[in-house]
Amino acid sequence: MVERSRFRRQFLAASGATMGMALAGCMDQISSGSSDDEGNESSNETDGGETETEDAESADSDDVDSPELTVETEYNSREEYRQPGEAFVDFENLEEWELLEGSGDAETDVVFEGSQSLRLTAEDEDNAVVATEFEATDLSDRDVSMAVRTTTPANIALEIQLRDIYGGYASYMLQSVSYGSDEPGWFRTCPGFADESTTPVEQDAIDELRVVVHNTGDEAEVWVDDIRTHEKPDQGYVILCWDDGFEDFYEPAGPIHDEYDVTAVQAAVRQWTRDQRDGIMTTDQLLERQEVGDQIVAHGTHTEFADMEPDELRDSIEIDKNWAVQNEFQGGHYLVFPHNNFNREVLELVSDYYYAGGFNQAGNVNLTGVTGYDPLVLPRTIGHDLEIAAQCVDAAVAHRQCTILNFHAFDQDNTMDADDYEDLVQYIAETDGVEAIDFDDLWAMRRAGH
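None of these values were measured; they are calculated from a predicted model. (Residues numbered from 1 in each chain as written. Predicted model: local features only at pLDDT ≥ 70, side-chain atom pairs only at ≥ 80, totals over all residues. Heavy atoms only, no water.)

Q: When you look at the overall build of the protein in this model, what are you seeing that I'm missing?
A: Along the backbone of the protein there are nine helices and 23 strands. Within the protein, buried positions represent 58% of all 450 residues. Here the protein has roughly 17600 Å² of accessible surface; of this, 40% comes from carbon and sulfur atoms. (Helix = DSSP H or I, 4+ residues; strand = E, 2+ residues; numbered from the N terminus. Buried < 20%, exposed > 50% of the residue type's maximum accessible area, 1.4 Å probe, protein only. Areas by Shrake-Rupley, 256 points an atom, 1.4 Å probe, with all protein chains shown as cover.)

What follows is the structure, encoded as structure tokens:
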């Protein structure tokens with residue numbers, strides 16, 4: 001049963017277990033030569049000045065309390081928490097990887113960690129796939145994340161596939177990166193469960209990991225690096241995330257949340273709220289929903305951030321954040337990118353004002369692990385279909401991950417109708433092993449699990 005408690009935190013203590021493993025050689029090795037692709041910038045500018053963070057903190061640590069609501073962040077969350085969990089496999093020795101589809105080369109100029117990454121390419125909607133084998137390893141209580149960089153974010157989905165000693169497999173997928181075509185730079189994905197073989201995978205006997213770049217366009221170009229594992233929580237989580245501040249969040253969605261004691265999040269557009277746009281909640285209505293337990297976060301100017309000039313974007317974001325602070329919206333440290341559009345420059349600038357959020361988005365099941373995601377590149381699932389949303393909740397329970405479901409207004413195609421929404425909220429409330437949370441809760445788990 002879900003309890004409504006905005007500030008309750010549930011964590012697992014870090015196990016501290018070392019994951020020893022020996023990587024086996026493969027038959028068809030990838031070329032070890034460096035790519036000579038001009039125009040690709042090195043990622044090493046993000047590595048300078050980094051210090052090792054401490055191990056996972058205890059649940060009652062002050063460090064995982066809600067951040068103080070201020071205009072600027074105290075630190076860059078993406079740099080502070082760029083390498084969560086424990087190292088698992090990397091690409092320092094490509095003889096330990098087998099190329100199954102597409103093309104792959106060592107890349108020394110575009111690197112997240114160490115001396116090189118792996119550049120994968122594919123054309124004409126073909127995929128790129130690489131695999132590595134190792135001694136049987138117990139991943140029953142672990143999620144897996146990977147550092148990724150791509151020049152084709154609108155064309156790809158990313159999959160980490162775990163295979164056991166019996167041939168069974170489980171797929172964990174980031175269904176979408178960005179609606180824009182601009183490069184987002186390096187980001188970390190901790191993809192959620194998507195599918196598995198007919199015979200369920202034996203998670204305590206994993207001996208192979210595959211990286212799959214699903215290519216939906218003319219070409220795909222992706223760099224991958226620094227695959228890590230992370231402690232799973234003891235249950236699943238769901239965030240009901242509404243965009244734009246439509247009155248449907250106040251009525252009829254608000255009373256539904258109250259009846260079933262399930263919290264939700266609203267990403268409000270400052271200009272629309274301030275100008276009292278028709279059909280948009282007022283500031284008083286937003287504060288009323290905050291008072292009963294919902295969280296109010298930022299949704300920017302509702303202009304595609306990647307299309308704005310840097311000075312214009314910074315001014316706009318700073319004004320938005322000031323508005324949140326002045327109105328005491330306690331979720332003001334969290335941001336939803338308008339139109340799911342962002343690039344490398346946007347991520348760097350936004351980190352000065354926000355700790356977490358961002359989002360890419362997909363119309364199908366698109367979950368995330370809770371302790372290994374990139375703070376500003378969280379995945380969401382469009383809440384247009386009750387059956388898909390219920391599948392997301394079930395997957396969150398079964399795999400102890402988080403589903404973030406996105407809604408706008410009940411008369412829009414991207415949102416299920418009000419009756420289905422009530423059925424979903426009731427389903428969440430009556431399902432064991434899942435808790436409805438907000439971004440404070442999710443961000444606290446991310447830091448505690450670091």
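Q: What is the right way to read the nonpolar core from this model?
A: Grouped burial of nonpolar side chains is what soluble globular proteins tend to show. In this structure, Leu209, Ile227, Leu240 and Tyr421 are the most contacted members of the largest nonpolar core, which totals 86 residues. Excluding residues that lie within four positions of it along the chain, isoleucine 227 makes contacts with Ala87, Phe88, Val89, Phe91, Trp97, Val144, Ser145, Met146, Leu209 and Val211. Listed in part, the 22 residues of the second largest apolar core include Tyr81, Cys241, Val265 and Ala356. (Core = buried A, V, L, I, M, F, W, Y, C linked by side-chain atoms within 4.5 Å. Contact = heavy atoms within 4.5 Å.)

Q: Please explain helix H8 (residues 418-430) as it appears in this structure.
A: Every α-helical turn comprises 3.6 residues, leaving residues that sit three or four positions apart pointing alike. With 13 residues, H8 extends 18 Å from end C-alpha to end C-alpha; this agrees with the ideal 18 Å at 1.5 Å per step. When we look at burial in H8, the residues that qualify are Tyr421, Leu424, Val425, Ile428 and Ala429. Each buried residue of H8 sits inside an arc of 135 degrees when the element is viewed along its axis, so together they form one side. Across H8 from its buried face, at more than 90 degrees, point the exposed residues Asp419 and Glu430. (Expected span 1.5 Å × (residues − 1). Arc of directions from axis to C-beta.)

Q: Even after reading the chapter, I still don't get the packing of aromatic side chains, so can you show me in this structure?
A: Both the distance between ring centres and the angle between the ring planes are used here to describe each pair of aromatic rings. Per the stated rule, a full pass over the model turns up 19 aromatic pairs. Ring geometry for phenylalanine 359 versus phenylalanine 439: centroids 5.7 Å apart, planes at 50 degrees, classification tilted. Of this pair, phenylalanine 359 sits in the loop between strand S19 (356-358) and strand S20 (360-362) while phenylalanine 439 sits in helix H9 (residues 439-448); the two residues are 80 residues apart in sequence, bridging distant segments of the chain. Assigned by exposure class, phenylalanine 359 and phenylalanine 439 land together as buried. By way of ring pairs, the aromatic residues Trp242, Phe249, Phe407, Phe410 and Tyr421 are connected into one cluster. The ring of phenylalanine 359 is capped by arginine 380, whose NZ or CZ atom sits 4.5 Å from the centre of that ring. Positioned above the aromatic ring of tyrosine 373 is the side chain of arginine 446, whose terminal nitrogen or guanidinium carbon lies 5.5 Å from the ring centre. (Phe/Tyr/Trp six-rings, centres within 6.5 Å; stacked < 30°, edge-to-face > 60°. Lys NZ or Arg CZ within 6 Å of the ring centre and 35° of its normal.)

Q: I keep staring at the packing of helix H7 (residues 386-399) against H8 and nothing clicks. Help me out?
A: In a pair of packed helices, the angle between the axes and the distance between the axes together describe the arrangement. The geometry of H7 relative to H8 is characterised by a closest axis approach of 10 Å and an angle of 15 degrees between their N-to-C directions. One finds that H7 runs roughly parallel with respect to H8. Two packed elements cross with a definite hand, and for H7 against H8 that hand is right-handed. Only Asp420, Asp423, Leu424, Tyr427 and Ile428 of H8 make contact with H7, whose side of the interface consists of Leu386, Ala389, Ala390, Val393 and Asp394. Each residue belonging to the contact of H7 with H8 can be placed in one class, and the counts come to seven nonpolar, no polar and three charged. (Axes fitted to C-alpha atoms, helices over the stretch in contact; angles between N-to-C directions. Parallel < 35°, antiparallel > 145°, perpendicular 65-115°, else oblique. Left-handed = near helix turned anticlockwise from the far one by under 90°. Nonpolar A, V, L, I, M, F, W, Y, C, P; charged D, E, K, R; others polar.)

Q: Looking at this structure, I do not really get the packing of helix H2 (residues 253-260) against H8. What am I missing?
A: Two elements in contact, H2 and H8, have axes separated by 10 Å at closest approach and are oriented at 25 degrees. It follows from the interaxial angle that H2 and H8 lie roughly parallel. The handedness of the crossing between H2 and H8 comes out as right-handed. In this structure, H2 uses Ala253, Ile256, His257, Glu259 and Tyr260 to contact H8, whose residues at the interface are Ala418, Tyr421, Glu422, Val425, Gln426 and Ala429. By residue class, the composition of the contact of H2 with H8 is seven nonpolar, two polar and two charged.

Q: Would you mind going over the pattern of salt bridges with me for this structure?
A: Side-chain pairs of opposite charge can arise whenever the charged atoms involved come near each other. For the structure shown, the criterion picks out 18 salt bridges. Residues glutamate 231 and arginine 142 are paired through a salt bridge, measuring 2.8 Å at the closest nitrogen-oxygen approach. With glutamate 231 in strand S14 (residues 219-231) and arginine 142 in strand S8 (residues 142-150), this pair connects stretches of sequence that are 89 residues apart. Under the relative-accessibility criterion, glutamate 231 is labelled buried at 19%. (Salt bridge = Lys/Arg side-chain N within 4 Å of Asp/Glu carboxyl O.)

Q: Would you mind showing me how to read unusual backbone geometry here?
A: Excluding glycine, a negative phi dihedral is what most residues carry, and trans is how most peptide bonds are arranged. In this chain, glutamate 251 is followed by proline 252 through a cis amide linkage whose omega measures 20 degrees. Even without a glycine there, the phi angle at arginine 400 is positive, about 50 degrees. With respect to the helices and strands, arginine 400 occurs in the loop between H7 and strand S22 (402-407).

Q: Help me understand the pairing of S8 in this model?
A: Moving residue by residue along a regular strand, the side chains alternate between the two faces of the sheet. Counting buried positions along S8 yields nine of nine residues, so the element is predominantly enclosed. Of the two faces of S8, the one carrying Arg142, Val144, Met146, Val148 and Thr150 and the one carrying Asp143, Ser145, Ala147 and Arg149 are both buried. With eight bridges joining them, S8 and S14 adopt antiparallel strand pairing. When the bridges of S14 are listed, valine 148 appears paired with valine 224. Taken together, the three bridges between S8 and strand S11 (residues 187-189) define a ladder with antiparallel strand orientation. Of the residues in S11, the one forming a bridge with methionine 146 is threonine 189. (Pairing = 2+ DSSP bridges.)

Q: Before we go on, may I ask you to explain the confidence of the model for the protein in this structure?
A: For any part of a model where pLDDT is low, the fine detail of the predicted coordinates should not be relied upon. On average, the protein scores 87 in pLDDT, and the residues at 70 or more come to 86%. pLDDT under 50 marks residues 1-62. Its contacts with residues more than four places away, or in other chains, come to 155 contacts. (pLDDT = per-residue confidence, 0-100.)

Q: So what exactly am I meant to see when it comes to the environment of asparagine 341 here?
A: Relative to the assigned elements, asparagine 341 resides in the loop between strand S18 (334-336) and helix H6 (344-350). Residues asparagine 341 and serine 181, spaced 160 residues apart in sequence, show a C-alpha to C-alpha distance of 8.6 Å. Contacts of asparagine 341, omitting those with residues within four sequence positions, involve Ser178, Tyr179, Gly180, Glu304, Phe305 and Ala306.

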